[in-house]
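Fold and geometry: a report
Spelled out from the first residue to the last, the chains are:
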Amino acid sequence: MIGRLRVLSTHPLGNSVVPLALSRFLTARPDISISYDVRNLAHVIEAVQGGTADLGLAVLNAGLEQVNVEPLMQSRMVALVPADDPLAAHDVITAEDMRDKTILGIEEDSQLGGMIRDGFSQQGVPYHPRVESRLCQTAALLAAHGLGCAIVDPWSARVFPMPGMVVRPWHPEQTVRAVMLTRKGVPHSELLKQFVSEVQGTLRIKGASGSSAQSKPRARIR
């Protein structure tokens, strides 16, 4: 092996976009090895800050003091609804549309859970999820099993095969960012730059395909 990269990711990207990027990256580079795991955000930040991970990948809208945060792509939250529900005919789904639906929510103290609750509040619609989970991917999986409708990030919406479900843009439009986290004061290696470029390419393909939500790629990492 002539190179090794240590990568951690949070769940939205770690179980959707990153595996495909890893496959393409390693196929083209037989002399490279990767250490890879999916953890919660606090663990990813800690590992990058402490130098036990070269790169962190996350869905994060805020900056951080502990590590560098560089945007990779901007997208928007989406709604998952059954294909046989009248909502599937909507171009965009609002909180008002969800008023009488069974909602699969995200825990309020999480970043995305708070965003979803704010979206309902902005439209004056009560938010009473039937089931709450910590991860958007869990909510997406429950929706795929017929338990209700979910509002999730666009990457979590495509982790699992979900026959019978459709993805629609969520209104009010709530922005989410895929970002990279790196250690402060440490220059990016050429290997890291190449892998980030692969992740960005995969984000462009997978970020919001299949819905009318727009994904905006960010500037190329130098």
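Along each chain, residues carry numbers from 1 onward, in the same order as the chain's sequence is written. In view of the model being predicted, local features appear only for residues whose pLDDT reaches at least 70, and side-chain atom pairs are presented and counted only at 80 or more, with totals across whole chains, interfaces and linings using the full set of residues. Computation of side-chain values: all heavy atoms of the structure, hydrogens and water removed.

Buried Ala, Val, Leu, Ile, Met, Phe, Trp, Tyr and Cys residues form a nonpolar core when they are joined through side-chain atoms within 4.5 Å. A simple rule labels every residue: compare its accessible area, found with a 1.4 Å probe on the protein chains alone, to the largest value its type can have, and call it buried under 20%, exposed over 50%, or partly exposed in between. Within the largest apolar cluster, 58 residues are counted, with the highest numbers of intra-cluster contacts made by Leu 57, Met 98, Phe 120 and Phe 195. If you tally residues by element for this core, the top one is helix α6 (residues 190–206), at 6 residues. In this analysis, two residues are considered to be in contact whenever any of their non-hydrogen atoms come within 4.5 Å of each other. Apart from the residues within four sequence positions on either side, Phe 195 is in contact with Leu 5, Val 7, Val 18, Ala 21, Leu 22, Phe 25, Leu 55 and Leu 57. Counting 11 residues, the second largest nonpolar core, distinct from the first, contains Leu 8, Ile 45, Ala 58 and Val 179. A run of H or I in DSSP becomes a helix once it reaches four residues, and a run of E becomes a strand once it reaches two; helices and strands are each numbered from the N terminus.

Moving on: the pairing of strand β1 (residues 3–9). The buried fraction of β1 amounts to 5 of the 7 residues, a majority that puts the element mostly inside the structure. When DSSP finds two or more bridges between a pair of strands, those strands are recorded as paired. Across 7 bridges, the pairing between β1 and strand β2 (residues 32–38) is parallel. Note that in β2 the partner of Gly 3 across the bridge is Ile 32. Pairing of β1 with strand β3 (residues 55–59) involves 3 bridges; the strand directions are parallel. In the strand pairing of β3, Val 7 is matched with Leu 55.

A carboxyl oxygen of Asp or Glu within 4 Å of a side-chain nitrogen of Lys or Arg is what we treat as a salt bridge. A full pass over the atoms with the stated rule returns 9 salt bridges. The structure contains a network of salt bridges with shared partners spanning Glu 107, Asp 109 and Arg 134.

All right, on to the side chain of Ser 133 then. Note that Ser 133 resides in strand β8 (residues 131–133). Within 3.5 Å is the distance limit for a polar contact, defined as a pair of N or O atoms, with the added protein rule that one can donate a hydrogen and the other accept it, and that residues adjacent in sequence qualify only through two side-chain atoms. From its side chain, Ser 133 meets the backbone oxygen of Leu 135 in a polar contact 3.2 Å long.

On to helix α2 (residues 17–27). All buried positions along α2 are accounted for by Val 17, Val 18, Ala 21, Leu 22 and Phe 25. What you see down the axis of α2 is that its buried residues fit within an arc of 125°, all on one side. Note: the arc covers the axis-to-C-beta directions of the helix.

Once that is clear, we can look at helix α4 (residues 111–122). One less than the number of residues in a helix, times 1.5 Å, gives the span that helix is expected to have. The end-to-end C-alpha separation of α4 is 17 Å, in line with the 16 Å expected for 12 residues at 1.5 Å each. For α4, every residue scored as buried is listed here: Leu 112, Gly 113, Gly 114, Met 115, Ile 116, Gly 119 and Phe 120. Among the structural elements, β7 (103–106), α5 (136–144), β9 (149–152), β10 (165–171) and β11 (175–182) are those in contact with the buried residues of α4. A positive phi of about 70° marks Gly 124, the residue just after α4.

Turning next to the confidence of the model for the chain. Scored from 0 to 100, pLDDT records how confident the predictor is in each individual residue. A residue-level look at the chain finds 91% of positions with pLDDT of 70 or above and a mean pLDDT of 89. Residue range residues 208–222 is modelled with pLDDT below 50. Its contacts to residues more than four positions away, or to other chains, number 41 contacts.

Our focus in this paragraph is the packing of aromatic side chains. Note on aromatic contacts: the rings of Phe and Tyr and the six-membered ring of Trp form a pair at centre separations within 6.5 Å, being stacked when their planes are under 30 degrees apart, edge-to-face when over 60 apart, and tilted otherwise. Under the defined criterion, the tally for this structure stands at 3 aromatic pairs. Geometrically, the ring pair formed by Phe 25 and Phe 195 is edge-to-face, given 5.2 Å between the ring centres and 75° between the ring planes. Of this pair, Phe 25 sits in helix α2 while Phe 195 sits in helix α6, and the two are 170 residues apart along the sequence. When the centroid spacing of 5.4 Å and the interplanar angle of 35° are considered together, the rings of Phe 120 and Trp 170 count as tilted. Here Trp 170 lies in strand β10 and Phe 120 lies in helix α4, a separation of 50 residues in the sequence. Put simply, the rings of Phe 120, Tyr 127 and Trp 170 touch in pairs and so form one group of aromatic residues.

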